[in-house]
Amino acid sequence: MPSVLSDTQIESYHRDGFLVLPDFASANACAGLRQRAVAIVDAFQPSDRRSVFTTNEQDRISNGEFLDSATGMWCFFEEEAFGADGQLRQDKSLSINKIGHAMHDLDPVFESFSYTSELAGVAADIGLTDALALQSMYIFKQPHIGGEVGCHQDATFLYTEPMTVTGFWFAIEDATLENGCLWAAPGGHRTTLRKIFKRAGSDNEGGTMFDELDPAPLPSPSDLVPLQVSAGTMVILHGLLPHWSDVNRSAKSRHAFSLHCISAGADYPASNWLQRSPELPLRRLDRSDRVSA
Ligand code: FE2
């Protein structure tokens, strides 16, 4: 696997728990992903089922559609998308919070964006030499109604033993203070995992719950630093790093794509919300598991 990061960048990642890599994705690649995401939303028929994405645990409990999205491409609405009359307050294209969670294995455009030798090289450079591509999200952070994502650790939602989950977050559009950029706590990954989000039952109807592991509070937003980045930037996020993003009250969207990977060698419990079906196995980021013809 060719090395991509410098020693200084690798040190910086291990010290801070995150690393900002400007110009990682080309303008063409970002435009292609954006276009594809917009087309998926366009084809989405919201009349049959409505799922709202929120980090509020009450709203996630018993959300069978959320659990089903582990093997699909589901469009989740913004919390503020609907008015009191139950109708969309703005056009559907401006109402979707995100698409999740298996586009990288179901859609050719997302697949070619995700499975690259450069990304596999970055993962290997920070110690993830056997990365499996676990979860993908296209996040719209819509103008005016783009919801806050409360301070959290990704390992809460994608738990392995040992902890290996790593987020690769791509700015598809410029991310600023105005449109809800990421915020992170430098060095905050050198800490404990506060809680685990898990399945309450054995099937998708059983709902979900949190297990509290450590009552220590996560940092408040005032302890975090903003990561204002331009389109094409990739931010690597350690699975224990507390991070947050604010609401977007501006007139500009803040599209981003995130891909979460885990080590193939780590234990992946059956209680994790995200469970793939045998027909859609996880694949190595470097595609070394490809069966040659
Ligand atoms: Fe996150």
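All of these numbers come straight from a predicted model, not from anything done at the bench. (Residues numbered from 1 in each chain as written. Predicted model: local features only at pLDDT ≥ 70, side-chain atom pairs only at ≥ 80, totals over all residues. Heavy atoms only, no water.)

### Brief notes about the layout of surface pockets
Phase 1 of the analysis: Each pocket or cavity is described by its volume, and for the second largest pocket that value is around 170 Å³.
Phase 2 of the analysis: Contributing to the lining of the second largest pocket are 13 residues, with Ala25, Ala29, Ser112, Phe113 and Thr116 lying nearest its centre.
Phase 3 of the analysis: Per-class residue counts for the lining of the second largest pocket are eight nonpolar, four polar and one charged. (1 Å grid on protein atoms, 1.4 Å probe; cavity = no way out; pocket = protein on both sides within 12 Å on 5 of 7 lines; lining within 4 Å. Points joined across faces, edges and corners; volume = space filled by probe spheres on them. Nonpolar A, V, L, I, M, F, W, Y, C, P; charged D, E, K, R; others polar.)

### Describing the coordination of the iron ion
Phase 1 of the analysis: Protein coordination at the iron ion: the donors are His152 (NE2), Asp154 (OD) and His243 (NE2), at 2.2 Å from the metal.
Phase 2 of the analysis: Motif for the iron ion, donor spacing along one chain: H-x1-D-x88-H.
Phase 3 of the analysis: On the basis of relative accessible area, aspartate 154 is assigned to the buried category, the value being 7%. (Donors = N, O, S within 2.8 Å, 3.2 Å for Na, K, Ca; no water. Buried < 20%, exposed > 50% of the residue type's maximum accessible area, 1.4 Å probe, protein only.)

### Re the sheet that holds strand β5 (residues 149-152)
Phase 1 of the analysis: Spatially, β5-β12-β7-β10 is the arrangement adopted by the four strands of the open sheet, whose pairing is antiparallel. Sheet topology places β5 and β10 (225-227) at the edges, where each strand pairs with a single neighbour. Here the strands of the sheet are splayed against their neighbours by 25° on average, with no regard to which way each runs.
Phase 2 of the analysis: As paired strands, strand β7 (residues 182-184) and β10 are joined by three bridges and run antiparallel to one another. Among the inter-strand pairings, alanine 184 is bridged to a residue of β10, identified as valine 225. (Pairing = 2+ DSSP bridges. Helix = DSSP H or I, 4+ residues; strand = E, 2+ residues; numbered from the N terminus. Axes fitted to C-alpha atoms, helices over the stretch in contact; angles between N-to-C directions.)

### So, the environment of glycine 146
Phase 1 of the analysis: Within the secondary structure, glycine 146 is located in the loop between β4 (131-139) and β5.
Phase 2 of the analysis: On the accessibility criterion, glycine 146 (0% relative accessible area) is buried.
Phase 3 of the analysis: Spatially, the C-alpha atoms of glycine 146 and serine 95 are 8.5 Å apart, while their sequence positions differ by 51 residues.
Phase 4 of the analysis: Apart from the residues within four sequence positions on either side, glycine 146 is in contact with Glu78, Lys141, Val247 and Asn248. (Contact = heavy atoms within 4.5 Å.)

### Some thoughts on the packing of aromatic side chains
Phase 1 of the analysis: Taken as a whole and judged by the stated rule, the model has 17 aromatic pairs.
Phase 2 of the analysis: Residues phenylalanine 24 and phenylalanine 170 carry aromatic rings whose centres are separated by 6.2 Å and whose planes lie at 45° to one another, so their mutual orientation is tilted. Of the two residues, phenylalanine 24 is situated in the loop between β1 (18-21) and α2 (27-43) and phenylalanine 170 in strand β6 (residues 166-171); the sequence distance between them amounts to 146 residues.
Phase 3 of the analysis: Phenylalanine 170 gets classed as buried once you look at its relative accessible area, which sits at 2%.
Phase 4 of the analysis: Linked through ring pairs, Phe24, Phe110, Phe113, Tyr138, Phe140, Phe170 and Phe257 together constitute an aromatic cluster.
Phase 5 of the analysis: Here the guanidinium or amino end of lysine 195 rests over the ring plane of phenylalanine 210, the centre of that ring lying 4.4 Å away. (Phe/Tyr/Trp six-rings, centres within 6.5 Å; stacked < 30°, edge-to-face > 60°. Lys NZ or Arg CZ within 6 Å of the ring centre and 35° of its normal.)

### Points about the confidence of the model for the protein chain
When pLDDT drops low, the exact placement of atoms in the prediction is not to be read closely.
Phase 1 of the analysis: With 94% of its residues at a pLDDT of 70 or more, the protein chain has an overall mean of 91.
Phase 2 of the analysis: Taken together, the stretch residues 57-62 has pLDDT below 50 and engages in 13 contacts with residues farther than four places along the chain or on a different chain. (pLDDT = per-residue confidence, 0-100.)

### Some points on the side chain of serine 250
Phase 1 of the analysis: Relative to the helices and strands, serine 250 resides in the loop between β12 (243-245) and β13 (256-263).
Phase 2 of the analysis: Among the residues examined, serine 250 registers a relative accessible area of 16% and is labelled buried.
Phase 3 of the analysis: At 3.1 Å, the side chain of serine 250 forms a polar contact with the backbone nitrogen of lysine 252.
Phase 4 of the analysis: Beyond its immediate sequence surroundings of up to four residues, serine 250 is in contact with Pro143, His144, Glu178 and Asn179. (Polar contact = N/O pair within 3.5 Å; in protein donor to acceptor, adjacent residues only side chain to side chain.)

### Details of the pattern of salt bridges
Phase 1 of the analysis: Following the criterion strictly, the structure yields 10 salt bridges and no others.
Phase 2 of the analysis: A salt bridge links arginine 34 to glutamate 173, with the nearest nitrogen and oxygen atoms 2.9 Å apart. You can see arginine 34 sitting in helix α2 and its partner glutamate 173 sitting in the loop between β6 and β7, a full 139 residues away along the chain.
Phase 3 of the analysis: Judged by its relative accessible area of 16%, glutamate 173 falls in the buried class.
Phase 4 of the analysis: Arginine 284 is paired through a salt bridge with aspartate 286; the nearest N and O atoms lie 3.1 Å apart. (Salt bridge = Lys/Arg side-chain N within 4 Å of Asp/Glu carboxyl O.)

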